[in-house]
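Structural overview for review
Below, each chain spelled out in residue letters.
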Amino acid sequence: MNVEDAELRQAISVAESYKQRVEALSRQVQVLRVSLDEVTLASNALKAFRDAKDGDEIMVPIGATSYITVKVTPNRNVVVDVGSDISVEKDTNSAIEYMDANNAEISEALTKTMEALNESQNALNNLTAAIQQEYKARQQLQ
C-alpha cells in the first residue's frame, strides 16, 4: 500500500464505516428473514384454512412457535393487518394473495440487502487486508 499517515488514517476510517454498514445490513437481513418466516407461516395457515372442510380441526399459529387447534366454520373470512395499525377483513383467497405479494416483496428486499451486505463485506475485507499489509510493511522498515 505504501501510503502516508493521513491516507492510512483515512483508510482506517473508511474501513470502520464499512464495518458499521456490514453490521447494519446484517441486522436488516435478520429482520427480513424473521418477517419472511412470519409471512410464510401465515400463508401456509391460510392455505390449510382454505382447504379444510367445515367442522375440520386445524392447527393455527399464534406466534412464538405456538399453535392452537380450531374447528373450521363456514365463515372463511380473515382479518389481515395491512400496515399502520390498520386491519381489513378479506376472504381467504384474497388474504393468501396478499401474503404471497408480501412474501415476494420481502424476498426481493432480502435478496437486495444480501447483495449489498456481500459487497460491503468484500470491500471491508479488501480494505482491511490492504491496511494490514501496510502495517506489516511499516514494521519491517523499523
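As a reminder, the structure under discussion sits directly above these lines.
Below is a short write-up of the structure. Fair warning: this is a prediction, and the values are worked out from it, not measured in the lab. (Residues numbered from 1 in each chain as written. Predicted model: local features only at pLDDT ≥ 70, side-chain atom pairs only at ≥ 80, totals over all residues. Heavy atoms only, no water.)

Mapped onto the secondary structure, Asp-81 falls in strand β3 (residues 77–83). The spatial distance from the C-alpha of Asp-81 to the C-alpha of Gln-132 is 50 Å, given a sequence separation of 51 residues. Sequence-distant contacts of Asp-81, that is, excluding residues within four places in its chain, are made with Ile-86, Ser-87 and Tyr-98. At 2.8 Å, the side chain of Asp-81 forms a polar contact with the backbone nitrogen of Gly-83. (Helix = DSSP H or I, 4+ residues; strand = E, 2+ residues; numbered from the N terminus. Contact = heavy atoms within 4.5 Å. Polar contact = N/O pair within 3.5 Å; in protein donor to acceptor, adjacent residues only side chain to side chain.)

Time to look at the pattern of salt bridges. The full count for this structure, using the stated rule, is five salt bridges. Between Arg-138 and Asp-5 there is a salt bridge, and its shortest N-O distance comes to 2.5 Å. Of this pair, Arg-138 sits in helix α2 (residues 92–141) while Asp-5 is found in helix α1 (residues 5–51), placing the two residues 133 residues apart along the sequence. Residue Arg-138 is classed as partly exposed on the basis of its relative accessible area of 22%. The partner of Glu-108 in a salt bridge is Lys-112, with the nearest N and O atoms 3.0 Å apart. With a gap of four residues between them, Glu-108 and Lys-112 both fall in helix α2, about one helical turn apart. (Salt bridge = Lys/Arg side-chain N within 4 Å of Asp/Glu carboxyl O. Buried < 20%, exposed > 50% of the residue type's maximum accessible area, 1.4 Å probe, protein only.)

On to unusual backbone geometry. If a residue is not glycine, its phi is most likely negative; likewise, a peptide bond is most likely trans. Even without a glycine there, the phi angle at Thr-65 is positive, about 50°. In this fold, Thr-65 is placed in the loop between β1 (57–63) and β2 (66–71).

The next point concerns the nonpolar core. Core analysis: the largest hydrophobic core is formed by 26 residues, its most contacted members being Leu-46 and Ile-131. Here the element with the most residues in this core is α1; it accounts for eleven residues. Discounting residues that sit within four places of it in the chain, Leu-46 has contacts with Val-78, Thr-92, Ala-95, Ile-96 and Met-99. (Core = buried A, V, L, I, M, F, W, Y, C linked by side-chain atoms within 4.5 Å.)

For the rest of this paragraph, the subject is α2. With 50 residues, α2 ought to run about 74 Å at 1.5 Å a step, and its terminal C-alpha atoms sit 72 Å apart, in line with that. For α2, the N-terminal capping position is held by Asp-91, with its side-chain oxygen 3.1 Å away from the main-chain nitrogen of Asn-93. (Expected span 1.5 Å × (residues − 1).)

Moving on, we come to the packing of aromatic side chains. Going through the model one piece at a time under the given rule, you end up with zero aromatic pairs. Sitting above the plane of the Phe-49 ring, Arg-76 keeps its charged end 5.4 Å from the centroid. (Phe/Tyr/Trp six-rings, centres within 6.5 Å; stacked < 30°, edge-to-face > 60°. Lys NZ or Arg CZ within 6 Å of the ring centre and 35° of its normal.)

Inspection of the sheet shows β3 paired to strand β4 (residues 86–91) by six bridges, in the antiparallel sense. The partner of Val-80 across the bridge, within β4, is Val-88. In textbook terms, the turn of a hairpin is the stretch between consecutive antiparallel strands, and for β3 and β4 this stretch comprises two residues, one of which, Ser-84, has a positive phi near 55°. (Pairing = 2+ DSSP bridges.)

Relative to the assigned elements, Leu-124 resides in helix α2. Residue Leu-124 is classed as buried on the basis of its relative accessible area of 11%. Beyond its immediate sequence surroundings of up to four residues, Leu-124 is in contact with Ala-15, Tyr-18, Lys-19 and Val-22.

Together, Leu-41, Met-59 and Tyr-67 make up a nonpolar patch on the protein surface, roughly 290 Å² of accessible area in all. Topologically, Met-59 is positioned in strand β1. (Patch = residues over 30% accessible without salt bridge, like charges linked within 9 Å, V, L, I, M, F, W, Y side chains within 5 Å. Areas by Shrake-Rupley, 256 points an atom, 1.4 Å probe, with all protein chains shown as cover.)

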